[in-house]
Amino acid sequence: MSKRDYYEVLGVGRSAGEEELKKAFRRLAMKYHPDRCPDDAHAPEKFKEAKEAYEVLCDPHKRALYDQHGHAAFEHGMGGGGAGFHGNVGDIFGDIFSDIFGMGGGRGGPRRGSDLRYLIEIDLEEAVFGIEKQIEVPTLVECGTCTGSGSADGKLSTCATCRGHGRVRMQNGIFSIQQACPHCAGSGKVVANPCRDCRGEGRVHSERTLSIRVPAGVDTGDRIRLAGQGEAGPSGTVPGDLYVEVRVREHAIFQRDGDDLHCEIPLRFAQAALGASIRVPTLDGEAEISVPAETQGGKLFRLRGKGVKSVRSGHTGDLICRVAVETPIRLTAEQRELLQKFDATFSGEDAAAHSPRSSHWLDGVKRFWDRVTS
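Scope of this entry: the structure provided in the associated data block. (Residues numbered from 1 in each chain as written. Predicted model: local features only at pLDDT ≥ 70, side-chain atom pairs only at ≥ 80, totals over all residues. Heavy atoms only, no water.)

Strand pairing in a sheet relies on backbone hydrogen bonds. The paired strands run either parallel or antiparallel. Strand order in the open sheet made by the three strands is 1-9-8, with mixed pairing throughout. The sheet is open, and its two borders are formed by strand 1 (116-122) and strand 8 (223-226), each paired with just one other strand. With strand direction ignored, the average angle separating the axes of adjacent strands in the sheet is 25 degrees. Sheet topology places strand 1 next to strand 9 (residues 242-248); seven bridges connect them, and they run parallel. Each residue of the ladder has a partner; that of Ile120, found in strand 9, is Val246. (Pairing = 2+ DSSP bridges. Helix = DSSP H or I, 4+ residues; strand = E, 2+ residues; numbered from the N terminus. Axes fitted to C-alpha atoms, helices over the stretch in contact; angles between N-to-C directions.)

Structure (structure tokens):
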């Protein structure tokens, strides 16, 4: 009987990439693996056909030979030996076995409850100083009626799939892989009379209230792991973990950059020109800054140790204040007249000496035009 085209077997086009091939094989493996459909007499052959097609097409060298010569490329040793586990082939079979048996990484350990992710939003002050929060987590919890056993009467029977051993063996060519039994989750026992409330699962949907301690110094993207607080596992297995991911809300005054905090301090024109002593907010009170005379907009003042204490290193950052000189608005006639008189005093040859940024800017413009017109 002639072999089917490998691309046809996997149901992909000839330009299919590695990820598409992997998904196609995963779908067929889940559908035709002998342990998933023991009553289908054709399943072993279909699984073997899909496995052979994937082993060839996922290997760039073998795929190139197949595209050029077809199935003849692997007859009489032309392809350098039969299809086997090469490179990522072993990896995908680990993934497939994990999907089939419901276990991570194909390592054969018993199934456990799924890990859960919960997003919590907190204010900057809460992130800096830490806080205790109550959260409501929708999840699967242990059934109270059967105390997680899944059995209405507490009786269990020997699993027919693994015959009570809790493990099954899979043969792939020369490789023999042992896995926890998919039907009893490795316990060797199955429920004889399922609980009505959980239908033999040992778990029911519920919402659980948890108290979590958010440590001081956390930032957006940090995660807090609560071991064993995830989804309850199947009967006889351990629950997963809960990962609480932190998102810090924007603050009205401060912006965070690592362990440092940044803020803007508005100054009136006269304060910037004559100097002033001003009080600025910090997360733990107020601090005083002495602004020297002739301060320009954009100048930075650093307050040591007024930032955030890192949750990892214990280092405390700084508060960096940036000056923003404000232009006065809603002037009275008298104020307008005074400003006009004041501005008139800057006319003459020494006017540039009073405007350092303006003079630098004009010099730069002049050099630019000289280059353009030369």
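We are not done yet, so read on.
What follows covers a nonpolar patch on the surface. On the surface, a cluster of nonpolar side chains totalling about 320 Å² of accessible area is made up of Phe269, Val325, Leu339 and Phe342. If you trace the backbone, Phe342 turns up in helix 8 (residues 333-344). (Patch = residues over 30% accessible without salt bridge, like charges linked within 9 Å, V, L, I, M, F, W, Y side chains within 5 Å. Areas by Shrake-Rupley, 256 points an atom, 1.4 Å probe, with all protein chains shown as cover. Salt bridge = Lys/Arg side-chain N within 4 Å of Asp/Glu carboxyl O.)

Our next topic: the packing of aromatic side chains. Aromatic rings in a pair are described by how distant their centres are and how their planes are angled relative to each other. For the coordinates displayed, the defined rule picks out five aromatic pairs. When the ring of Phe269 is compared with that of Phe342, the centres are 5.9 Å apart and the planes differ by 75 degrees; the resulting orientation is edge-to-face. Of the two residues, Phe269 is situated in helix 7 (residues 269-274) and Phe342 in helix 8; the sequence distance between them amounts to 73 residues. Of the residues examined, Phe269 reaches a relative accessible area of 41% and is grouped as partly exposed. The class for Phe342 is partly exposed, based on a relative accessible area of 38%. An aromatic cluster of three or more residues is present, and its members are Tyr6, Tyr7 and Tyr66. Over the ring of Phe301 we find Lys299; its NZ or CZ atom is 5.5 Å from the centre of that ring. (Phe/Tyr/Trp six-rings, centres within 6.5 Å; stacked < 30°, edge-to-face > 60°. Buried < 20%, exposed > 50% of the residue type's maximum accessible area, 1.4 Å probe, protein only. Lys NZ or Arg CZ within 6 Å of the ring centre and 35° of its normal.)

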